[in-house]
Amino acid sequence: MSSNSKLHPIERSLLQVLATHEEISVEKIARISNLNIDQVRRGIEWLKFKNLISLTDKSITIIYSEPDRETETTKELPERTLVKIIKEKGKKISETGEYYISIKDLFKENFFLDIDTNSAFRYALRNKWIEQRKTSIGEKEIFLTALADDQSAEEKLLQKLNSQKKILKSNLNSDELQAVNLLKKRPGYLIEKKEKTAEISLSSEGKQLLLTLAPRPESEERRLTPEMITSGRWRNIEFSPLDVEAPVQSVYAGRKHPLVDIIDEVKEIFVGMGFTEIDGPIIQSSFWNFDVLFTPQDHSAREMHDTFYVSRIKENKLPSEDLIKKVSETHRNEWKYEWDIEEAKRIVLRTHTTSVTINYLAENKPEKCRIFSVGRVFRNEKVSYKHLIEFNQVEGIVTDPNVTLRDLMGLQTEFYTRLGIKRIKFWPTYFPYTEPSLQSMIYNESLGKWVELFGMGILRPEITSSIGIKNPVLAWGGGLERMAMLRFGLSDARDLYRNDLKWLRSIPLCPL
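Q: Would you explain the sheet that holds strand 2 (residues 91-92) in this entry?
A: Each strand in a sheet pairs with its neighbour through backbone hydrogen bonds, running either in the same direction (parallel) or in the opposite one (antiparallel). Here four strands make up an open sheet; going across it, the order is 2-3-5-4 and the pairing antiparallel. On the outer flanks of this sheet lie strand 2 and strand 4 (130-134), each paired with one strand and no other. Alignment of strand 3 (residues 99-102) against strand 5 (residues 140-144), held across three bridges, turns out to be antiparallel. Residue pairing across strands places Ser102 opposite Glu141, the latter belonging to strand 5. Across the sheet, helix 4 (residues 78-89) touches strand 2, strand 3, strand 4 and strand 5, and the angle it forms with strand 3 is around 95 degrees.

Q: What am I meant to see in the sheet that holds strand 7 (residues 190-202) here?
A: If you trace the three strands from one edge of the open sheet to the other, you get 6-1-7, paired in antiparallel fashion. Strand pairing shows two members of the sheet lacking a second neighbour, strand 6 (166-168) and strand 7, which therefore form its edges. Adjacent strand axes in the sheet meet at a mean angle of 35 degrees, parallel and antiparallel pairs treated alike. Bridge count for strand 1 (residues 53-65) against strand 7 is 13 bridges, and the pairing is antiparallel.

Q: I'm lost on a nonpolar patch on the surface in this one. Help?
A: Taken together, the side chains of Leu224, Ile229, Trp234 and Phe239 present a nonpolar region at the surface, about 380 Å² in accessible area. Mapped onto the fold, Leu224 is located in the loop between helix 10 (204-211) and helix 11 (226-231).

Q: I tried to follow the environment of Ile24 on my own but got confused; where do I start?
A: Mapping Ile24 onto the fold places it in the loop between helix 1 (9-18) and helix 2 (26-33). Sequence separation between Ile24 and Leu210 is 186 residues, and the spatial gap between their C-alpha atoms is 17 Å. The residues contacting Ile24, other than those within four sequence positions of it, are Val17, Leu18, Ile29, Ile32, Ala198, Glu199 and Ile200.

Q: Just checking my understanding: could you explain the packing of helix 4 against helix 7 (residues 117-126) for this structure?
A: Closest axis-to-axis distance for the helix 4/helix 7 pair is 7 Å, and the angle between their directions is 85 degrees. On the basis of their axis angle, the class for helix 4 and helix 7 is roughly perpendicular. Where helix 4 approaches helix 7, its residues Pro78, Glu79 and Leu82 are matched on the opposing element by Ser119, Ala120, Phe121, Tyr123 and Ala124. When grouped by side-chain class, the residues that make up the contact of helix 4 with helix 7 number six nonpolar, one polar and one charged.

Q: Help me understand the pairing of strand 11 (residues 346-349), please; the structure alone is not making it clear to me.
A: The two faces of the sheet receive side chains in turn, since in a regular strand these alternate between them. Pairing between strand 9 (residues 283-285) and strand 11: three bridges, direction antiparallel. Among the inter-strand pairings, Gln284 is bridged to a residue of strand 11, identified as Val348. With two bridges connecting them, strand 10 (residues 309-314) and strand 11 associate as antiparallel partners. Considered in strand 11, the bridge of Lys314 is made with Arg346.

Q: What's the story with the pairing of strand 13 (residues 390-399) in this structure? I'm lost.
A: With nine of 10 residues buried, strand 13 lies mostly within the body of the structure. Relative to strand 13, strand 12 (residues 369-378) is paired through 10 bridges, and the arrangement is antiparallel. Within strand 13, the position partnered with Gly375 by the bridge is Gln393. Sheet analysis places strand 13 next to strand 17 (residues 473-479), joined by seven bridges and oriented antiparallel. When the bridges of strand 17 are listed, Glu395 appears paired with Gly477.

What counts as what
Residues numbered from 1 in each chain as written. Predicted model: local features only at pLDDT ≥ 70, side-chain atom pairs only at ≥ 80, totals over all residues. Heavy atoms only, no water. Pairing = 2+ DSSP bridges. Helix = DSSP H or I, 4+ residues; strand = E, 2+ residues; numbered from the N terminus. Contact = heavy atoms within 4.5 Å. Axes fitted to C-alpha atoms, helices over the stretch in contact; angles between N-to-C directions. Patch = residues over 30% accessible without salt bridge, like charges linked within 9 Å, V, L, I, M, F, W, Y side chains within 5 Å. Areas by Shrake-Rupley, 256 points an atom, 1.4 Å probe, with all protein chains shown as cover. Salt bridge = Lys/Arg side-chain N within 4 Å of Asp/Glu carboxyl O. Parallel < 35°, antiparallel > 145°, perpendicular 65-115°, else oblique. Nonpolar A, V, L, I, M, F, W, Y, C, P; charged D, E, K, R; others polar. Buried < 20%, exposed > 50% of the residue type's maximum accessible area, 1.4 Å probe, protein only.

Below is the structure:
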């Protein structure tokens, strides 16, 4: 297929217009070719991609009329208002036909209050529309001259602007340019703006192609319709060729945020492993967020620099007295300090989702269960490439008479495998409310090293005995933003929340 035959009808129309114009604007091409502005812009992009045209950026000055804000019509010049008042309210000399008015009568018409009096007299005199004469007793009178009905250059320009809305300054003649300069000194009549535009012209390749451009057949069709097929008319129609290699416009349909996709994926994996999702409030009492989890009241995690507290309010409804008694005794016996119920009443933005799962276990006391929760948690930390003050955490809980640490490692391995992670290992570590505790490690192929991901362990007996759970409780969890960083190859957790459209559109819906 020749380059000639690959041309779209819009491209042909544009080339034919450019053949008779050295440089031309987009708007003028649209007027000459009878194409709408979007078609012209699309055709220009196609021709530019094929190196058939060149674009030159130019700065132009546009003149707009500034309409009256109340009536949306062009303001009348004060000198014209003066002429009208003299004709309507003044006197006429029958012998000469001249109109005149005294200064005293102008005052009665509130002329000196309503408009720019100085401009009215100055420009009316300059235009030779009026003359000032004195009477025999020394009073001033204003007479209209024979030129009073002639339009001034400013009026002609405003009338032109009123009909055309905007005018290119370079298209004005010398009288109109002088009128622009005069009206610029008088606020409220016109606006002068500099705008950038592109002038389009044929490139050398475009000029060569134009010499060989055959006229398009009038009977040529581009679209095959159902009527053509059913009637058989398509057999006698000549169809124009289509360039299937031509670039098409990108369409970006609405979609979920990639982080939300990961959250949904994690939820599906948990459900597929036999877990049930639970949820709870993000505002918790210190009792559920810290005390029931065997965190001493003088622990550094409970300081203001690590936790967000809600000021001036406290929890009025704590759990049963029996649970409070068991938790307080555990703290007194194990941590050797006097437990304070007022400290337990302080309200916090939850620092982990364990406050939700431990509440569920305390209220339901299940002998066997598999539950998980996904939700926002808050830490009062300095924001950095790996720390956020607000992030998503996932947590899984399993309780059963016979579960062991080996079962927990097996569940974690299955969870990671379903996420597509194959190389997993576990490392002994310390967490405040689990014993024993492990850190799961996964091998990141792109980084070429092992990376810490989720924490895990068996809830301490000081916790489970306080809430009435007799069986071992396996627990694991971690931040989903870290998982998202590994999935998408990000080095900064803040990139997930920058709303960079280019990055968001580059993430595939179904990553392999």
